[in-house]
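As a plain string of letters, each chain reads:
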Amino acid sequence: SSIPYIIIRWWSVETVAVVTGANRGIGFEIVRQLAGHGVTVILTSREASAGIEASSVLQELGLSVAFHQLDVLDDSSIKEFCEWVKEQYGGIDILVNNAGVNFNLGSENSVEFARMVVDTNYYAIKKVTKAMIPLIRPSQAGGRIVNVSSRLGRVNRIENEELRAKLNDLETLSEELIDGMMSKFLEQVEDGSWESGGWPLTNTDYSVSKLGVNCYTRLLAKEMADNRGEGEKIFVNCYCPGWVKTAMTGWAGTISAEDGADTGVWLALLPDQAITGKFFAERREIGF
């Protein structure tokens, strides 16, 4: 596919990107495309054997891809990974948070695994990001964080108007607010009252987890813009890959993994990065 941003190439093989959950699907495609543009990419996955296999496929294509095991749910795995990155590369430039789970296929809507979904899709992204921010190197182009999210996590899918207003307003949006919303949702799942809680009624747990990702993306983007000097900026965006034909959708998606990865790669490499705190689909900004 034609990619207009090649014109202003701010990156080189010295540029290091980390992609989580990248042994297959969209994550694998993001690694392949970033490496294809000449970036050095660290492919991570929870299962070491799957990750080694995936990275060797790309290495055989002559791409600059390394592998390291990373379980985003495991604090000690995150710490060990960060230490390894620091030792091997000195730092990174791009972080793509792709690791995620979804236990419902098609129109199923069980919340049986809600805690696992929220922990993996929301809390783990936060943990990995916080651990990796100190490793993001200062640069003129700015560091990049790209969170793979979903339109299912848009704020307007929440029925509670007061909560919606607070989430929509950067003045009232806070980590406590987002965490509190997650806790409340999980409490209601535990006690069986979630259906009357005003949560999205389809893909419920996945939607709530991605709502968390979207809100955290905006919040972090603001923090990075407010608290970091010139040359130390980190731009933070999220995107919806669409309904992609991968294991996560039970191969029922309508979009290829290649197309699903495209906007994420574009956001990671955009030259004019005054773009931060935004939500994209198909390289277009869409509202939160």
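Definitions and cut-offs
Residues numbered from 1 in each chain as written. Predicted model: local features only at pLDDT ≥ 70, side-chain atom pairs only at ≥ 80, totals over all residues. Heavy atoms only, no water. UniProt positions renumbered as here; feature names shortened; annotations may be inferred. Salt bridge = Lys/Arg side-chain N within 4 Å of Asp/Glu carboxyl O. Helix = DSSP H or I, 4+ residues; strand = E, 2+ residues; numbered from the N terminus. Buried < 20%, exposed > 50% of the residue type's maximum accessible area, 1.4 Å probe, protein only. Phe/Tyr/Trp six-rings, centres within 6.5 Å; stacked < 30°, edge-to-face > 60°.

The name given to the protein chain in an unreviewed UniProt entry is Short-chain dehydrogenase/reductase, with the source organism recorded as Linum tenue. In its Sequence similarities (unreviewed entry) section, the UniProt record describing the protein chain reads: "Belongs to the short-chain dehydrogenases/reductases (SDR) family."

What follows is about the pattern of salt bridges. What the rule picks out here adds up to 12 salt bridges. A salt bridge links Glu83 to Lys79, with the nearest nitrogen and oxygen atoms 3.1 Å apart. Taken as a pair, Glu83 and Lys79 lie in helix α3 (residues 75-89) at a separation of 4 residues, close to a single helical turn. Exposure remark for Lys79: the relative accessible area of 54% places this residue in the exposed category. Through salt bridges with shared partners, a single ionic network connects Lys126, Lys130, Glu175 and Asp179.

Bringing unusual backbone geometry into the picture now. Not every positive phi belongs to a glycine, and Asn203 is a case in point at roughly 45°. Accessibility expressed as a relative area gives 17% for Asn203, which makes it buried. The phi torsion at Glu282 lies on the positive side, around 50°, for a residue other than glycine. Locating Glu282 in the fold gives a position in the loop between β7 (279-281) and β8 (284-286).

The subject of this paragraph is the packing of aromatic side chains. One pass over the full model with this rule turns up 8 aromatic pairs. Summarising the aromatic geometry, the rings of Trp10 and Trp11 are spaced 5.7 Å apart at their centres and angled 80° between planes, so their arrangement reads as edge-to-face. Residue classification places Trp10 among the partly exposed positions, given a relative accessible area of 24%. When the ring of Phe81 is compared with that of Trp84, the centres are 6.2 Å apart and the planes differ by 25°; the resulting orientation is stacked. Of this pair, Phe81 and Trp84 both sit in helix α3, 3 residues apart, which is roughly one turn of the helix.

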